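Breakdown of the fold
Now for the letters of each chain:
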Amino acid sequence: MKFEDQRRKMVETQIMNRGISDEKVLSAFLKVPRELFVPEKFKHLAYADSPLSIGNGQTISQPYIVALMMELLQLDANDKVLEIGTGSGYQTALLAEICSEIFTIERISILSVNAQKILRELGYENIHFKIGDGSLGWNENLKFNKIIVTAAAPSIPQSLLNELDDNGILVIPTGSKFMQDLIVIKNKNGEFVRNNYGGCTFVPLIGKEGWQM
Ligand code: SAM
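Quick look at the structure, then. (Residues numbered from 1 in each chain as written. Predicted model: local features only at pLDDT ≥ 70, side-chain atom pairs only at ≥ 80, totals over all residues. Heavy atoms only, no water.)

A closer look at the packing of helix H3 (residues 63-72) against helix H4 (residues 90-98)
Let me state the cut-off plainly: Here the axes come from fitting lines to C-alpha atoms, over the contacting stretch only for helices, and the angles between their N-to-C directions go from 0 to 180 degrees. We count a stretch as a helix when DSSP gives it H or I for four or more residues in a row; a strand needs E for two or more, and each element gets its number in order from the N terminus. Each crossing is labelled by how the near helix is turned from the far one, with a counterclockwise turn of less than a right angle marking it left-handed and a clockwise turn marking it right-handed. Two residues form a contact once any of their heavy atoms are found within 4.5 Å. Under the grouping applied here, Gly and all other residues not named as nonpolar or charged are polar, the nonpolar ones being Ala, Val, Leu, Ile, Met, Phe, Trp, Tyr, Cys and Pro and the charged ones Asp, Glu, Lys and Arg.
Where H3 contacts H4, the two axes come as close as 11 Å, and the packing angle between them is 35°. Helix-helix and strand crossings are classified by hand; for H3 and H4 the assignment is right-handed. Listed contacts from H4 to Val66, Met69 and Met70 of H3 are Gln91, Leu94, Leu95 and Ile98. Of the residues contributing to the contact of H3 with H4, the split by class is six nonpolar, one polar and no charged.

In structure tokens:
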């Protein structure tokens, strides 16, 4: 089956059938070629219903969990988004399809460099990249409407709460190194309201406000 057909099937069976209905999220998924973000040897699995290895002990997440996190963020075209864990750059591309400005941080430089190359080749001009410890936030006195963390933290990093704008939303997997809950935090004028969207499994967030190496 052609990649385009596999993409359409993935959106129908793995994402829409599991209840994701945000049109902006669905059309981003239909547009971004996931096969470009997975290693050559896994291209035939690019649209599988599972995470895949991207090297350096890291993964590109399962499409459904990526879609769920994006729906929970209630993304808007005017949003300034902070993403912690660039990884392959796939989710960065999806965010860049929908929102005006994306700021993405990855601690493993080779992953960031690879992601930057693909995303530039695809023509995205609304993405800012940083290599470093994203548990400390962007750290340039900026506030974000939405913050997404694609690695699992032991608790919510205070630095990320500090960078969440009024009415902003933070989505972050939190728990042990091996099993977490997907937590959504809304900043209601300085009061952080927390909701739990159930179990998930992510690679650890390694950093000062994450797990130590
Ligand atoms: N969303 C990514 C994608 O579409 O490929 C998948 C990200 S992967 C599940 C999580 C990423 O978070 C890994 O690439 C890992 O190196 C990165 N990471 C872990 N701790 C980090 C930190 N403190 N700062 C920035 N990135 C971190």
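What about the site of the ligand?
Just so we agree on the cut-off: For each residue, the test is whether any non-hydrogen atom lies within 4 Å of the molecule or strand; if one does, the residue is near. Counted as a polar contact is a pair of N or O atoms within 3.5 Å, where, for protein atoms, one must be capable of donating a hydrogen and the other of accepting one, and residues adjacent in sequence contribute only when both atoms are in side chains. Exposure was quantified through the Shrake-Rupley algorithm and a 1.4 Å probe, taking into account, for residues, occlusion by the shown protein chains and nothing else.
Taken together, 26 residues lie near the ligand, and Ser88, Glu106, Asp133, Gly134 and Ile206 sit nearest. A distance of 3.4 Å separates a nitrogen atom of the ligand from a polar atom in the backbone of Gly132. Between the ligand and Gly134, the relevant distance is 2.8 Å, taken from a nitrogen atom to a main-chain nitrogen or oxygen of the residue. For the ligand, whose accessible area on its own is 610 Å², the fraction buried by protein is 99%. Secondary-structure elements contributing two or more residues to the shell around the ligand are strand S2 (58-60), H4 and strand S4 (101-106). Here the shell around the ligand gets three residues from one element, more than from any other, and that element is S2. Within the shell around the ligand, the residues separate by chemical class into 11 nonpolar, 12 polar and three charged.

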